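Residue-level listing of the chains:
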Amino acid sequence: QVDLVESGGGLVQFGGSLRLSCAASGSIESMNTMGWNREAPGKERELVASIIRDGTTSYAESVKGRFTISRDNAKNTVYLQMNDLKPEDTAVYYCHAADPFLQISWGQGTQVTVSS
């Protein structure tokens, strides 16, 4: 397992952009999957975007075309570029990492608030 620290959240207006970062305490190269999830008040945590070891990405339908996940193995960091933000994107965003032994690490979360 690794320690994960998210950053980059904040308050942004409708249609704005933010880039979230998830810094890992160790190498992410060996991680099977890394991803971004979000949890809005009164809702269950949902997977927003993920990237597997070979770089293949996947996205929730609600964010396709607006969000982009990427990874920098040299910096042990995963990013989530969020464009064209909407009020319904307001949530706490969590990073996760799943290692080859299927152990999952979670970050502490970063708040994203989109004003209308």
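Heads up: the structure comes first, above all this text.
Notes on the structure in this doc start here. In this text, all values refer to a predicted model and were calculated from it rather than measured experimentally. (Residues numbered from 1 in each chain as written. Predicted model: local features only at pLDDT ≥ 70, side-chain atom pairs only at ≥ 80, totals over all residues. Heavy atoms only, no water.)

1. Focus on the overall build of the protein
The helix and strand inventory of the protein stands at zero helices and 11 strands. Relative to its length of 116 residues, the protein is compact, with a C-alpha radius of gyration of 13 Å against a globular reference of 13 Å. Classification of the 116 residues of the protein by burial places 44% in the buried group. Here the protein has roughly 6,000 Å² of accessible surface; of this, 49% comes from carbon and sulfur atoms. Here the protein contributes 10 positively and 13 negatively charged side chains, and the mean placements of these two sets differ by 4 Å. (Helix = DSSP H or I, 4+ residues; strand = E, 2+ residues; numbered from the N terminus. Rg over C-alpha atoms; globule rule 2.2 N^0.38 Å. Buried < 20%, exposed > 50% of the residue type's maximum accessible area, 1.4 Å probe, protein only. Areas by Shrake-Rupley, 256 points an atom, 1.4 Å probe, with all protein chains shown as cover. Lys, Arg positive; Asp, Glu negative; His and termini not counted. Charge placed at Lys NZ, Arg CZ, Asp CG, Glu CD.)

2. Remarks on the pairing of strand β3 (residues 18–24)
With respect to burial, β3 is a largely interior element, five of its seven residues being buried. Bridge count between strand β1 (residues 4–7) and β3: four bridges; the pairing is antiparallel. Counted as the bridge partner of Leu4 is Ala24 from β3. (Pairing = 2+ DSSP bridges.)

3. Side note on the side chain of Ser50
When you line up the elements, Ser50 lands in strand β5 (residues 46–52). Within the structure, the side chain of Ser50 is placed 2.8 Å from the side chain of Ser58, a separation counted as a polar contact. In this structure Ser50 touches Thr33, Met34, Gly35, Thr56, Thr57, Ser58 and Ile69, once residues within four positions along its chain are discounted. (Polar contact = N/O pair within 3.5 Å; in protein donor to acceptor, adjacent residues only side chain to side chain. Contact = heavy atoms within 4.5 Å.)

4. Some points on the pattern of salt bridges
In total, this model carries five salt bridges according to the counting rule given. Across the pair Asp89 and Arg66 runs a salt bridge whose closest N-O atoms are separated by 2.7 Å. Of this pair, Asp89 sits in the loop between β8 (77–82) and β9 (91–98) while Arg66 is found in the loop between β6 (57–59) and β7 (67–72), placing the two residues 23 residues apart along the sequence. For Asp89, a relative accessible area of 0% gives the class buried. Judged by its relative accessible area of 9%, Arg66 is buried. Each of the salt bridges in this network shares a partner with another, and the network as a whole consists of Arg38, Glu46, Arg66 and Asp89. (Salt bridge = Lys/Arg side-chain N within 4 Å of Asp/Glu carboxyl O.)

5. Some details on the environment of Ser7
Position of Ser7 among the secondary structure elements: in strand β1. Ignoring any residue separated from it by four or fewer positions in sequence, one finds Ser7 in contact with Arg19, Leu20, Ser21 and Thr110.

6. Focus on the nonpolar core
By size, the foremost hydrophobic cluster in this structure holds 29 residues, and its most contacted members are Leu4, Met34, Trp36, Phe67, Leu80, Met82 and Tyr93. Listing elements by their share of this core, those giving two or more residues are β3, β4 (33–39), β5, β7, β8, β9 and β11 (110–115). (Core = buried A, V, L, I, M, F, W, Y, C linked by side-chain atoms within 4.5 Å.)

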